[in-house]
Structures are given as C-alpha cells and as structure tokens.
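# What the coordinates show
Here are the chains, one letter per residue:
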Amino acid sequence: MSSEDRFRPKSDDELLRLDVSAMLRYGLAFAGPHRAALFGEGAVAAALAADRLGVLPRSLAFLAEVVRSGGARYAADLPEPLPGAGPARLARDWLGSAATTVTTVDGDQLLARWLDAVAEILGLRRDVRGGAGG
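Residues numbered from 1 in each chain as written. Predicted model: local features only at pLDDT ≥ 70, side-chain atom pairs only at ≥ 80, totals over all residues. Heavy atoms only, no water.

### Looking at the overall build of the chain
The helix and strand inventory of the chain stands at 8 helices and 0 strands. The C-alpha radius of gyration computed for the chain amounts to 14 Å, which stays within 12% of the reference 14 Å derived for 134 residues, consistent with globular compactness. If one aligns the C-alpha atoms of the chain with their principal axes, the spans along those axes are about 40 × 35 × 20 Å. Of all 134 residues assigned to the chain, the portion counted as buried reaches 41%. (Helix = DSSP H or I, 4+ residues; strand = E, 2+ residues; numbered from the N terminus. Rg over C-alpha atoms; globule rule 2.2 N^0.38 Å. Buried < 20%, exposed > 50% of the residue type's maximum accessible area, 1.4 Å probe, protein only.)

Have a look at this one:
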C-alpha cells in the first residue's frame, strides 16, 4: 500500500470491512498507532455497523456506563448488552474481544471512552442525515 492509499479517506463499505474486534484487542493493549486506529477508523466503522442495525446512540452510551461500572467482562457476559438480537451479537463480539485484553480498571475506562466515541459518531451521522433517535 502506498502512502497515498494509506491517507486516502475510506468509503463506508471499506470501513465496514475492518475487523473492529481485532482493532479493539490491539488498540486497548497498545498505545500509539493501534490506539489511534481504534479511536479513528475503528470507531467510525463501529458506528457504521451499529447504525446499520438500528442501534441508538443512547444505547451505546448506556453500555459505556455499564462497562465503567462493572467492567468489560461483566458487560460481555450480559445476555443482551444492546437491545435486539443483531445489536446484542455485535456488542458481544466487541466486548468479548476487549475482555481478552482488558484486565484493569484503566482498561475498562478506555473501552468505555471508545464506546462513548462510537455513540458520538453515530449521533453525529444521524444528525447530519436528519435521523431521529438518540
């Protein structure tokens, strides 16, 4: 990949092909470029995937609070971390991946901040589109 390609903005379809679960494992474990990718393209990709499943930003923000309070493992073990079968599966994938890496309260807080970032991006996209919900 040339440096030109690396800095070219990605389409929604390209972002949706990113492995957000892998980005969570590496981005939560390692600072620097892995974390930057997680909070950049990874958060946008996660927001796109959540949006396609009809997830509301407030549901992600609530999940972030659950992670802050109970931790990544607790949240990953919830039967329905987000309302609905598809969203719950998506959240369990993310939380399960994160829980393999996160072992401290600081890690839980970092994951919660990422979920908040995803909720914000999702909300912004809906606002721009003129969508309801929140």
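What follows continues from the structure just given.
### Some details on the environment of R126
Structurally, R126 can be placed in helix α8 (residues 105–129). Judged by its relative accessible area of 8%, R126 falls in the buried class. For the pair formed by R126 and A37, sequence separation is 89 residues and the distance between their alpha carbons is 22 Å.

### Details of the packing of helix α3 (residues 20–29) against helix α7 (residues 85–101)
Between two packed helices, what matters for the description is the angle formed by their axes and the separation of those axes. Running from N to C, α3 and α7 cross one another at 30°; their axes reach a closest spacing of 8 Å. Comparing the axis directions of α3 and α7 gives the class roughly parallel. In this structure, α3 meets α7 at a crossing whose hand is right-handed. Listed contacts from α7 to V20, S21, L24, R25, L28 and A29 of α3 are D93, W94, S97, A98, T100 and T101. Among the residues making up the contact of α3 with α7, the classes are represented as 6 nonpolar, 4 polar and 2 charged. (Axes fitted to C-alpha atoms, helices over the stretch in contact; angles between N-to-C directions. Parallel < 35°, antiparallel > 145°, perpendicular 65-115°, else oblique. Left-handed = near helix turned anticlockwise from the far one by under 90°. Contact = heavy atoms within 4.5 Å. Nonpolar A, V, L, I, M, F, W, Y, C, P; charged D, E, K, R; others polar.)

### Description of the nonpolar core
Grouped together as the largest cluster of nonpolar side chains are 38 residues, with contacts concentrated most on L60, W94, L95, L111, W114 and L115. Of all the secondary structure elements, the ones that give two or more residues to this core are α3, α4 (33–52), α5 (57–70), α6 (72–76), α7 and α8. Residues contacting L111, with those up to four places away along its chain left out, are L24, L28, V67, A72, L95 and A98. (Core = buried A, V, L, I, M, F, W, Y, C linked by side-chain atoms within 4.5 Å.)

### With respect to the confidence of the model for the chain
Model confidence for the chain is summarised by a mean pLDDT of 92, while 92% of its residues fall at 70 or above. Taken element by element, the chain is modelled with least confidence in helix α1 (residues 3–6), mean pLDDT 58, and with most confidence in α5, mean pLDDT 98. (pLDDT = per-residue confidence, 0-100.)

### Section: the side chain of D51
Looking at where D51 falls in the secondary structure, it is placed in helix α4. Taking the relative accessible area as the measure of exposure, D51 reaches 15% and is therefore buried. D51 has contacts with L122, R126 and R129, leaving out every residue within four places of it along the chain.

### Side note on α4
Over its 20 residues, α4 runs 27 Å from end to end, which matches the ideal 28 Å to within 8%, given 1.5 Å per residue. The axis of α4 is deflected most strongly, by about 40°, at G42. For α4, every residue scored as buried is listed here: L38, G42, A43, A45, A46, A47, L48, A50 and D51. Against α2 (12–16), α3, α5, α7 and α8 lie the buried residues of α4. Of the residues trailing α4, G54 is marked for its positive phi of about 80°. (Expected span 1.5 Å × (residues − 1). Bend = angle between axes of the 7 residues up to and from the residue.)

### Some points on the pattern of salt bridges
Counted according to the given criterion, the structure contains 7 salt bridges. For R73, the salt bridge goes to D77, with nearest N and O atoms at 3.2 Å. Taking relative accessible area as the criterion, D77 reaches 52% and is therefore assigned exposed. Shared partners join several salt bridges into a network, and the residues in it are E65, R68 and D116. (Salt bridge = Lys/Arg side-chain N within 4 Å of Asp/Glu carboxyl O.)

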